[in-house]
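These are the residues of each chain, in order.
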Amino acid sequence: MRMPTDSAGSSTAPSAASSPVGRRSVLAAAAGAGAAIALGAASGTARAATSVASQGRPVKLTVTARPAAEAERLRLGQALRGSEFQPTGLYVPAGTPLSLTVQPHDGLLPTLWIGAWDYYGEITEPRSHPLTAGANTVTDPHGGPVYLTLTGRGERAGVLVRSGAVPMPVFTLGRTSEADYQRQLDTLTASPYVELHAPHTIMTLTREGALLYRDEDHAALLGLVETIIDSHARISGLDGSKPVHRRKAGPYHFTEVSKVPTGVGAYATHGYNGFPRAYLDRATTVEGLRTRGWGLYHELGHLHQQMAYKPGGLTEVTVNIYSLAAQRTLKQPSNLLTVDPKTGLTYFQSARQKFGTAGLTYEKSFGAYEKLVPLRQLELAFGDDFWPRMHKLVREENPQSDYTENDKRYRALATYSSRVAGYDLTDFFVNTWAFPIDATGRAELAALNLPKPPVDPSALDD
């Protein structure tokens, strides 16, 4: 699985709400003429949109402001921005004028977004349409799902969609019944997209993709996705103990995409995770996601990786801290305990056989899963809370590095790990695992003046 972005390592990546996104990188109640829909509320979204849009009546939306995705990325010290979209449950056909009226109740104006994410597709990203107070008419050449963003902290704005949109089938966890969702799939056929919503989840599927697995228990599916997201939050120390440790604002966005390059099963980039239709048997089925969902755990992990200790050589390694956490949460056997049929060894065992060999280097001598072993050994040696404490310390100090400063980030991995463990891990990183810790890094480790660990972490395995 790969992360298609060059700006992932930059601490100054542009905000999706304020500039074009680089390729790299509803509570319903009838009220007068429309229905009030609180964006981001758990289900009922589709029913509200259906009840008014299908009758040609306006749809009244209330948007509550959230911190910008880029501000959240910087607060969390992460490499990638998350989503800042608030879904509406509406779809606009290509070239159709969308008429709406905006009321900036607290002085802030929302931005309208139309379209789907599709990094490798013909149309790669949603289009942003700034809105003004009062009447607006927007005509998007490509059409697509409709989203809103409002940047702030709790301010509210009203958006009355007068005409031009049609409802999408939407299942919202806790509010939509399976029978209602199935009815929507059968009747709301004007939209080529379907969405699944939960408090921390937006899942955007093509109609064809959604129909492939329509017989799933969608409440169970979304509950499972939320559990996986929660596992990532817990290993990241996002416990709300301080403002800096609260979860990111808004949900994560999982999107069915039209294509991926050969050899790529799914991907992560700013704002979303992309999954081709061939992966939907794992992303949108309960059993598939529970037992074979490593790809989703992994790609979601990219949206949690912290920049400070993620040199280029670890982009596809530290991401699996989160994948392993999801496996443990779901009571799956660890991928690190997979036995290679050729050698009869687990990744712990095959890596250990290489220790002390001539010319050993961490980046070149070990395979992808073997490289993950030392990161797991830190937990085994210093406690299940090792990575949560690491994430929290990094967020609180928020060290900056340019994406080219790989040496600096390797140094940070070793020094932060030693500080969190409370022991000098020079031998573990430099001598045993042959991480590329330069002379500056070794001096920084020595300057911590920490004792040697009472156990050798490299001797441990699950």
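Everything below is about the structure printed above this text.
A brief report on the enclosed structure follows. All residue numbers refer to positions counted from 1 along the written sequence of the respective chain. This being a predicted model, a pLDDT of at least 70 is required before a residue's local features are given, and a value of 80 or more before pairs of side-chain atoms are given or counted; all residues contribute to the totals for chains, interfaces and linings. Water and hydrogen atoms play no part in the side-chain values, which are based on all heavy atoms of the structure.

## Re the packing of helix H13 (residues 386-397) against helix H14 (residues 406-421)
Inference 1: Relative to each other, H13 and H14 sit at 115 degrees, their axes nearing to 10 Å. H14 is crossed by H13, and the crossing has right-handed handedness. Contacts between H13 and H14 involve Phe386, Trp387, Arg389, Met390, Leu393, Val394 and Glu397 on the former and, on the latter, Leu413, Tyr416, Ser417, Arg419, Val420 and Ala421.
Inference 2: All amino acids are sorted into three groups, where Ala, Val, Leu, Ile, Met, Phe, Trp, Tyr, Cys and Pro are nonpolar, Asp, Glu, Lys and Arg are charged, and the leftover types, Gly among them, are polar. Classifying every residue of the contact of H13 with H14 gives nine nonpolar, one polar and three charged. Only C-alpha atoms enter the line fits that serve as axes; for helices the fit covers just the stretch in contact. Angles between N-to-C directions range over 0 to 180 degrees. Where helices and strands are cited, they refer to DSSP runs of H or I of at least four residues and of E of at least two residues respectively, numbered from the N terminus. Less than a right angle of anticlockwise turn of the near helix away from the far helix marks a crossing as left-handed, whereas a clockwise turn marks it as right-handed. Contact criterion: two residues are considered in contact whenever any of their non-hydrogen atoms come within 4.5 Å of each other.

## Observations regarding the packing of helix H5 (residues 218-235) against helix H9 (residues 320-329)
Inference 1: Relative orientation of the contacting elements H5 and H9 amounts to 120 degrees, with a least axis distance of 9 Å. Taken together, the axes of H5 and H9 are oblique relative to one another. At the point where H5 passes H9, the crossing takes the right-handed sense. Together, Thr227, Ile228, Ser231, His232, Arg234 and Ile235 of H5 and Ile321, Tyr322, Ala325, Ala326, Arg328 and Thr329 of H9 make up the contact between the two elements.
Inference 2: Considering only residue class, the contact of H5 with H9 consists of six nonpolar, four polar and two charged. Throughout, the term roughly parallel applies to angles under 35 degrees, roughly antiparallel to angles over 145, roughly perpendicular to angles from 65 to 115, and oblique to all others.

## Some points on the pattern of salt bridges
Inference 1: The rule for a salt bridge is simple: a side-chain nitrogen of Lys or Arg has to be within 4 Å of a carboxyl oxygen of Asp or Glu. The full count for this structure, using the stated rule, is 26 salt bridges.
Inference 2: As a salt-bridge pair, Glu122 and Lys259 come within 3.7 Å of each other at their nearest N and O atoms. Of this pair, Glu122 sits in the loop between strand E6 (111-114) and strand E7 (127-130) while Lys259 sits in the loop between strand E15 (252-257) and strand E16 (267-269), and the two are 137 residues apart along the sequence.
Inference 3: Residue classification places Glu122 among the exposed residues on the basis of a relative accessible area of 74%.
Inference 4: Residue burial is assigned from relative accessible area. The probe radius is 1.4 Å, only protein chains are included, and a residue is buried under 20% of its type maximum, exposed over 50%, and partly exposed in between. Looking at Lys259, the relative accessible area reads 38%, which means it is partly exposed.
Inference 5: Of the charged contacts in the structure, one is a salt bridge between Arg277 and Glu256, with a shortest N-O distance of 2.8 Å. Placement of the pair is Arg277 in the loop between strand E17 (272-276) and helix H6 (280-283) and Glu256 in strand E15, with a sequence separation of 21 residues.
Inference 6: Within this structure, Arg328, Arg376, Glu379 and Asp462 form a network of salt bridges that share partners.

## A word on the environment of Tyr369
Inference 1: One can find Tyr369 in helix H12 (residues 368-382).
Inference 2: For Tyr369, a relative accessible area of 24% translates into the label partly exposed.
Inference 3: A sequence separation of 52 residues divides Tyr369 from Val317, and the C-alpha atoms of the two residues are 7.8 Å apart.
Inference 4: Residues within four places of Tyr369 in sequence aside, it is in contact with Trp294, Asn335, Leu336 and Tyr347.

## A word on the layout of surface pockets
Inference 1: Buried and open spaces are told apart on a 1 Å grid over the protein atoms alone, a cavity being a set of points where a 1.4 Å probe fits but cannot get out and a pocket being an open set with protein on both sides within 12 Å along at least five of seven lines. Residues with an atom within 4 Å of a point are the lining residues. Grid points are joined across faces, edges and corners, and a volume is the space filled by probe spheres set on the points. Considering only enclosed or pocket space, the largest pocket measures out at about 300 Å³ in volume.
Inference 2: In terms of lining, the largest pocket is formed by 19 residues, of which the most central are Ala116, Asp118, Ile123, Tyr193 and Ser258.
Inference 3: Class assignment of the residues belonging to the lining of the largest pocket gives a composition of seven nonpolar, seven polar and five charged.
Inference 4: Of the pockets and cavities examined, the second largest pocket occupies roughly 160 Å³.
Inference 5: Around the second largest pocket, the lining residues are Ala308, Pro399, Gln400, Ser401, Lys408, Arg411, Ala412, Thr415, Tyr416, Arg419, Glu444 and Leu448.
Inference 6: Sort the elements by how many residues they give to the lining of the second largest pocket and H14 lands first, with six residues.
Inference 7: Taken together, the residues that form the lining of the second largest pocket break down as five nonpolar, three polar and four charged.

## Examining the sheet that holds E15
Inference 1: Any two strands with at least two DSSP bridges between them are considered paired. In space, the six strands of this open sheet follow the order E12-E13-E14-E15-E17-E16, with mixed pairing throughout. Every interior strand has two partners, whereas the edge strands, strand E12 (170-172) and E16, have only one. For this sheet the average axis-to-axis angle between neighbouring strands, irrespective of direction, equals 15 degrees.
Inference 2: For E15 and E17, the ladder comprises four bridges, and the chain directions are parallel. Directly across from Thr255, in E17, lies its bridge partner Gly274.
Inference 3: Lying on the sheet, helix H8 (residues 294-302) is in contact with E15, E16 and E17; it crosses E17 at an angle near 150 degrees.

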